[in-house]
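# Coordinate analysis (summary)
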Amino acid sequence: MDNNEIPDSALAKNALDSIPQTKNDAKDIVGLVKESGRITGYQLSDGSTVSKEEGVALAKDGEIRGVGIAHRKDTEYLKSIPDETENNNLSSLPSVTPE
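One structure accompanies this document, and this report is about it. Keep in mind it's a predicted model, so treat the numbers as computed, not measured.

About the criteria used
- Position labels on residues start from 1 in each chain and follow its written sequence.
- The predicted nature of this model means local features are confined to residues of pLDDT at least 70 and side-chain atom pairs, given and counted, to a pLDDT of 80 or more, with totals for whole chains, interfaces and linings taken over all residues.
- The basis for every side-chain value is the complete set of non-hydrogen atoms in the structure, without hydrogens or water.
- In this analysis, strands are considered paired if DSSP registers two or more bridges between them.
- Strands here are runs of E lasting at least two residues and helices are runs of H or I lasting at least four, both read from the DSSP assignment and numbered beginning at the N terminus.
- A side-chain nitrogen of Lys or Arg and a carboxyl oxygen of Asp or Glu constitute a salt bridge if their distance falls within 4 Å.
- Accessibility here uses a 1.4 Å probe with only protein chains present; expressed as a share of the type maximum, an area under 20% marks a residue as buried, one over 50% as exposed, and anything in between as partly exposed.
- Two kinds of site are reported from a 1 Å grid over the protein atoms alone, namely cavities, where a 1.4 Å probe fits but cannot get out, and pockets, open sets with protein on both sides within 12 Å along at least five of seven lines, and residues are called lining when an atom falls within 4 Å of a point.
- Grid points are joined across faces, edges and corners, and a volume is the space filled by probe spheres set on the points.
- For this scheme, ten residues count as nonpolar: Ala, Val, Leu, Ile, Met, Phe, Trp, Tyr, Cys and Pro. Four count as charged, namely Asp, Glu, Lys and Arg, and the remainder, Gly too, count as polar.
- Residues scored as positive are Lys and Arg, those scored as negative are Asp and Glu, and His as well as the terminal groups of each chain are ignored.
- Here a residue-residue contact requires only that any non-hydrogen atoms of the pair lie within 4.5 Å.

Further remarks concern the pairing of strand S1 (residues 29-35). Pairing geometry for S1 and strand S2 (residues 38-44), over six bridges, is antiparallel. Among the inter-strand pairings, Gly31 is bridged to a residue of S2, identified as Gln43. Hairpin geometry of S1 and S2 is characterised by an intervening segment of two residues between the two adjacent antiparallel strands and by a positive phi of about 55 degrees at Ser36. Where S1 and strand S6 (residues 95-96) come together, two bridges link them in parallel fashion. Looking across to S6, one finds that Leu32 is bridged to Ser95.

Shown next, in the form of structure tokens:
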């Protein structure tokens, strides 16, 4: 990479609206709740499930680790913070059935 190139992870981070500061006891997203193939919520590492909107609010409050906030039109959603591994990306997580 020459001095004029920007690393891919830096470009991906620029696509995020914000990367909240996480709290020490923040939870991880371990599964995706989907309906008709679309993400409608998240399963957290404590076993709870939250809606997409609740997940965004929790992440903004520093309660979910490893995600940033992005938006499409007027809808906010969570996106993995780019790093060197893909196995912790939201798209790599299993689908779960909401409780």
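Throughout the structure, instances matching the rule amount to three salt bridges. In this structure, Glu63 engages Lys23 in a salt bridge whose closest nitrogen and oxygen atoms are separated by 2.8 Å. Taken together, the positions of Glu63 in the loop between helix H2 (52-60) and strand S4 (67-72) and Lys23 in the loop between helix H1 (8-14) and S1 put the pair 40 residues apart, joining distant regions of the chain. Across the salt bridge formed by Lys60 and Glu76, the nearest N and O atoms sit 2.8 Å from each other. In this pair, Lys60 is assigned in helix H2 and Glu76 in strand S5 (residues 75-80), connecting sequence segments 16 residues apart.

Attention now goes to unusual backbone geometry. In this structure, Ser36 takes a positive phi of about 55 degrees despite not being glycine. Within the fold, Ser36 resides in the loop between S1 and S2. Classification of Ser36 by relative accessible area gives exposed; the value is 81%.

With that settled, the discussion passes to the layout of surface pockets. To find the voids left in a structure, one rolls a probe of water-molecule size over its atoms. Here the largest pocket is characterised by a volume of approximately 450 Å³. When contributions to the lining of the largest pocket are tallied by element, the ones reaching two or more residues are S1, S2 and S5. Along the lines of polarity and charge, the residues of the lining of the largest pocket split into eight nonpolar, five polar and seven charged.

Bringing the side chain of Lys52 into the picture now. Counting through the fold element by element, Lys52 comes out in helix H2. Buried charged residue Lys52 carries no salt bridge. Nearest counter-charge: Glu53, at 6.5 Å. Sequence-distant contacts of Lys52, that is, excluding residues within four places in its chain, are made with Ile39, Thr40, Gly41, Tyr42, Glu76 and Tyr77.

That is the geometry; function is a separate question.
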